[in-house]
Amino acid sequence: MAGLPAFDLASGKVHWAAWMSTAEPAVAETLALCGYDAIVFDLQHGLVDPGEVRGGIAAAALGGVACWVRVSVGAFDVASQMLDAGAAGVICAMVDTPEIAQAFVNAAKFPPLGRRSWGPNRALALTALDRDAYLAGSNRRTVALGMIETETALKNLPAILATPGFDGIFVGPNDLAVSLSGGTASDPADPRVGAALDRILAACRDAGKPAGIFANTPAFAADYTRRGFAFVTLGTDLAFLRKGAEAMLAEARGNR
């Protein structure tokens, strides 16, 4: 196996990812073969556990596609485990303060940036690197993105981005809408969310760090790429299944 290439968010291209709420290896492999640049497994809200995700990471690798994992805030031991299993990067939910950002970096990066413990046995196989080469390039190769999802995070954004070893931002527009509306709406099309996105992208440009985002629909994805997001996750595996099944049934019934 030649090994998966590094996932370079600074390349200038938009990286597209499929979001998985399940961890069925055959689904991960199928999505990998659809042309996505990455697969993201959701350990925060998804119907999966870390053991299942390990198998999904390996399955996607067969399609030549890197995997990411989204973890809950505080689940930093899981972040380290997923990197050991071969994930190209980890997305941490609800990074509201620089202290949370630092705790995340501690789990995701080896010294001197963090405190990640050595044990990337599966990652060595998937990257086809020897121990010394993996260690030498790991802090650059494995990416740690923190989610900006609240008004508190927006206020602390410059300090969060200044955390050494913190690679960039991933926006949760649905939770951001909930926070900015005071818990009355979850619509990512809310103008307050749009203004926040511009603010986030400007801060990321000032810090020289990339920004990613979850897109509910292709229309949102088009807007996000126009704004300048480097990493866009589009839809979920369950949404793909539902839309595909509905379209085929409608066609079979002569409804289209």
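To be clear, the structure that these remarks concern was listed above.
Presented here is a report on the structure given in the accompanying data block. Predicted model only: the values in this text are computed from it and were never measured.

1. Thoughts on helix α3 (residues 76-84)
With 7 of its 9 residues buried, α3 lies for the most part within the structure. Residues of α3 that are buried: Phe76, Val78, Ala79, Ser80, Met82, Leu83 and Asp84. Those residues of α3 hidden inside the fold are in contact with α2 (50-62), β3 (66-71), β4 (89-92), α4 (98-108), α5 (121-127) and α6 (131-141). Among the residues trailing α3, Gly86 stands out with phi positive, at a value near 110°.

2. Comments concerning unusual backbone geometry
Here the residue pair Pro111 and Pro112 is connected by a cis peptide bond, since its omega of 10° sits within 30 degrees of zero. Within the secondary structure, Pro112 sits in the loop between α4 and α5. With phi around 60°, Ala128 is a residue other than glycine that occupies positive phi space.

3. A few points about the sheet that holds strand β1 (residues 15-20)
With parallel pairing, the 8 strands of this closed barrel are ordered in space as β1-β2-β3-β4-β5-β6-β7-β8. Taken pair by pair, the neighbouring strands of this sheet meet at an average axis angle of 25°, ignoring direction. In this sheet, strand β7 (residues 211-215) lies alongside strand β6 (residues 168-171) in parallel orientation, the contact comprising 3 bridges. Note that in β7 the partner of Val171 across the bridge is Ile213.

Rules of the game
- Residues numbered from 1 in each chain as written.
- Predicted model: local features only at pLDDT ≥ 70, side-chain atom pairs only at ≥ 80, totals over all residues.
- Heavy atoms only, no water.
- Buried < 20%, exposed > 50% of the residue type's maximum accessible area, 1.4 Å probe, protein only.
- Helix = DSSP H or I, 4+ residues; strand = E, 2+ residues; numbered from the N terminus.
- Contact = heavy atoms within 4.5 Å.
- Pairing = 2+ DSSP bridges.
- Axes fitted to C-alpha atoms, helices over the stretch in contact; angles between N-to-C directions.

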